[in-house]
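One letter stands for each residue in the lines below.
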Amino acid sequence: MSWARMSFRGQTVFVNVDDAGRPVLDTEGRAEMKYRESDSKVYRPAPSNLGRAGQDGGAPAAPRPAGGSGSPSPARPSAKKTGAKSSAVKRAPGPASLDTQHVWTDGACTGNPGPMGIGVLFIANQSRRELSEYLGVGTNNIAELTAIERGLALAEEAAPSRDRPVRIYTDSQYSIGVLSLGWKAKANQELVARIKKRLALFPDVIFIKVAGHAGIPENETCDELARQAIVNRA
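Definitions and cut-offs
- Residues numbered from 1 in each chain as written.
- Predicted model: local features only at pLDDT ≥ 70, side-chain atom pairs only at ≥ 80, totals over all residues.
- Heavy atoms only, no water.
- Pairing = 2+ DSSP bridges.
- Helix = DSSP H or I, 4+ residues; strand = E, 2+ residues; numbered from the N terminus.
- Buried < 20%, exposed > 50% of the residue type's maximum accessible area, 1.4 Å probe, protein only.
- pLDDT = per-residue confidence, 0-100.
- Contact = heavy atoms within 4.5 Å.
- Phe/Tyr/Trp six-rings, centres within 6.5 Å; stacked < 30°, edge-to-face > 60°.

Undergrad: What is the right way to read the sheet that holds strand β1 (residues 2-8) from this model?
TA: What holds strands together in a sheet is hydrogen bonding between their backbones, with the strands either parallel or antiparallel. Judged by pairing direction, the sheet is antiparallel, and its four strands sit side by side in the order β4-β2-β1-β5 without closing on themselves. Each of the sheet's edge strands pairs with one partner strand only, and the pair in question is β4 (33-34) and β5 (50-52). Across three bridges, β1 lies against β5 in antiparallel orientation. Note that in β5 the partner of Phe 8 across the bridge is Leu 50.

Quick look at the structure:
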């Protein structure tokens, strides 16, 4: 194991790399990262968010899975009538292009039903926005879906023409199912229909299932924003 300097969100960090200087990935396709080489705590960002030292991320060296050789297998998205797609793996694929909009979302609920909050992290090029919003009383599924709806609104605001690729990262299999896998929504039908209508306006959207509460920095940020919204009722 060796730790090499790379860039993450404009900061210089240390990433576990192989002999060729490429990030070593775990079984879920995440890299190992420290903010200081002497740190004992290790974070696991998506390789698409790592760049060479001095860059702002988004242009990483080709990653290599731990315990294997060659490049990781690509995600196998399946097209849906809404125009959205869904990744079949629990990791983020490499960026489709440098102008890809990355939308991380999470919903939280104290009790189910109970007070709801959402957290959204929007990243595109050097732009980064965070959203924390209290929704009132409802279910966890409503919170997860609403977080995605708010994330799409941020993508529209950043690129009104909607011509930029969008990647939506969520730990909610329910949301991915009803929005892109053809699952029938037995509840929240109006909300699901509204989001599907919005998704159809984007020519290139892919949903990516990420593991919740697994130390993925962006997912953890969204979870914290959602919980803060519940605590602050803001």
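Next comes the rest of the write-up.
Undergrad: Is there a simple way to think about the pairing of strand β2 (residues 11-17) in this case?
TA: A regular strand places its side chains on the two faces of the sheet in alternate fashion. Judged by how many residues are buried, β2 sits mostly within the fold: five of seven residues are covered. Strand direction decides the pairing type here: β1 and β2, joined by seven bridges, are antiparallel. Counterpart to Ala 4 in the pairing with β2 is Val 15. Between β1 and β2, which pair antiparallel in sequence order, lie two residues; one of them, Arg 9, sits at a positive phi of approximately 55°. In terms of strand pairing, β2 meets β4 through two bridges, oriented antiparallel.

Undergrad: Help me understand the confidence of the model for the protein in this model?
TA: When pLDDT is averaged along the protein, the result is 82, and 80% of the positions lie at 70 or above. Confidence over residues 56-82 falls short of pLDDT 50; this stretch has 69 contacts with residues more than four positions distant or in other chains. Per-residue pLDDT stays below 50 along residues 87-96; that stretch engages in 31 contacts with residues further than four places along the chain or on separate chains.

Undergrad: Would you mind showing me how to read unusual backbone geometry here?
TA: Trans is the prevailing form of peptide bonds, just as negative phi is the prevailing case for residues other than glycine. The residue after Asn 112, namely Pro 113, is reached through a cis peptide bond having omega 10°. Within the secondary structure layout, Pro 113 lies in the loop between β9 (101-109) and β10 (114-124).

Undergrad: What's the story with the packing of aromatic side chains in this structure? I'm lost.
TA: In this description, a pair of aromatic rings is defined by centroid distance and the angle of the planes. A complete count under the given rule lists two aromatic pairs for this structure. On the numbers, 5.3 Å between centres and 80° between planes, the contact of Tyr 35 with Tyr 43 is edge-to-face. Classification of Tyr 35 as partly exposed rests on a relative accessible area of 26%. Given a relative accessible area of 24%, Tyr 43 falls into the partly exposed group. Their ring planes at 5° and their centres at 4.1 Å tell us that Trp 104 and Tyr 169 sit as a pair that is stacked.

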